[in-house]
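A closer look at the structure
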Amino acid sequence: MSISELITWMDTLPASALIVGFVVLFVVLGWALSKRKDIAELWNSWYQIRKRKDELLNMILEDHKRLEQFEENRIHDRQQSFEIQRQLIDANTQLTNKIESLTLLVQENQKRAEERFALNEEKVMKRNRAELKDKIMRSYRLHHKTQSITAIELEVLEGLIEEYYAVHGNSFVKHNVQPEMYTWTVVDEFE
């Protein structure tokens, strides 16, 4: 797609779609910036695994090149060629064993990285759940005393509870806060 086609296509989009697109872009960028430490740790871990894999692959390729050179140098002498064949079979077996062990090592490293990622993800979810529960409880304590809430505050509290359930929150919020908040008097903001 050329730039002029892209501009023509963007002119056909409603302004609201562009605004929503930019808002989503800023939200995603904000999220990525707030998680940059986690992302950097994950990237570094992946990079180290990838680097080690490349080093091991280069080692294997160098071994393979040396074997090919050895075979070419000894091909003229029949008696030596039988010896070379035996050596190549042994080297190939060793190379296969080395590849298998390296494959296992890479798989173990990948499994550990995935476990660390899952553990980190669970920690982030627990932290988010605790922060959301704290916000919900502060709002609950404030409005529980007065038995009243503004429409905007009720909407915010509903949003917090929805996010809380999204990170697997439950217990007191579900059984106490949510049923009670709908019994509060909704007051005008300016009263």
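In this text, all values refer to a predicted model and were calculated from it rather than measured experimentally. (Residues numbered from 1 in each chain as written. Predicted model: local features only at pLDDT ≥ 70, side-chain atom pairs only at ≥ 80, totals over all residues. Heavy atoms only, no water.)

**What about the side chain of Arg129?**
Convention followed: The helix and strand labels rest on DSSP assignments: H or I over at least four residues marks a helix, E over at least two residues marks a strand, and numbering proceeds from the N terminus. A simple rule labels every residue: compare its accessible area, found with a 1.4 Å probe on the protein chains alone, to the largest value its type can have, and call it buried under 20%, exposed over 50%, or partly exposed in between. Polar contacts here mean pairs of N or O atoms no more than 3.5 Å apart (in protein, one a potential hydrogen donor and the other a potential acceptor; neighbouring residues in sequence count only if both atoms are side-chain atoms). Whether two residues are in contact is decided by their heavy atoms: any pair within 4.5 Å suffices.
In this fold, Arg129 is placed in helix H4 (residues 78–146). Given a relative accessible area of 19%, Arg129 falls into the buried group. At a separation of 2.6 Å, a polar atom in the side chain of Arg129 contacts the main-chain carbonyl oxygen of Val167. What Arg129 contacts, discounting residues up to four positions off in sequence, is Glu122, Tyr164, Val167, His168 and Gly169.

**What about the side chain of His143?**
Its location among the elements puts His143 in helix H4. Ignoring any residue separated from it by four or fewer positions in sequence, one finds His143 in contact with Ser148, Ile149, Glu153 and Trp184.

**Some points on the pattern of salt bridges**
A pair can form between side chains of opposite charge whenever their charged atoms are brought close. Note the threshold: Here, a salt bridge means any Lys or Arg side-chain nitrogen found within 4 Å of an Asp or Glu carboxyl oxygen.
Summed over the entire model, instances satisfying the criterion amount to nine salt bridges. Between Asp54 and Arg50 there is a salt bridge, and its shortest N-O distance comes to 3.8 Å. Taken together, the residues Asp54 and Arg50, both in helix H3 (residues 36–73) and four residues apart, mark about one turn of the helix. Note on Arg50: relative accessible area 38%, which makes it partly exposed. Between Arg66 and Asp63 there is a salt bridge, with the nearest N and O atoms lying 2.5 Å from each other. Placement of the pair is Arg66 and Asp63 together in helix H3, with a separation of three residues, close to one helical turn. A relative accessible area of 18% places Asp63 in the buried class. Through salt bridges with shared partners, a single ionic network connects Asp63, Arg66 and Lys98.

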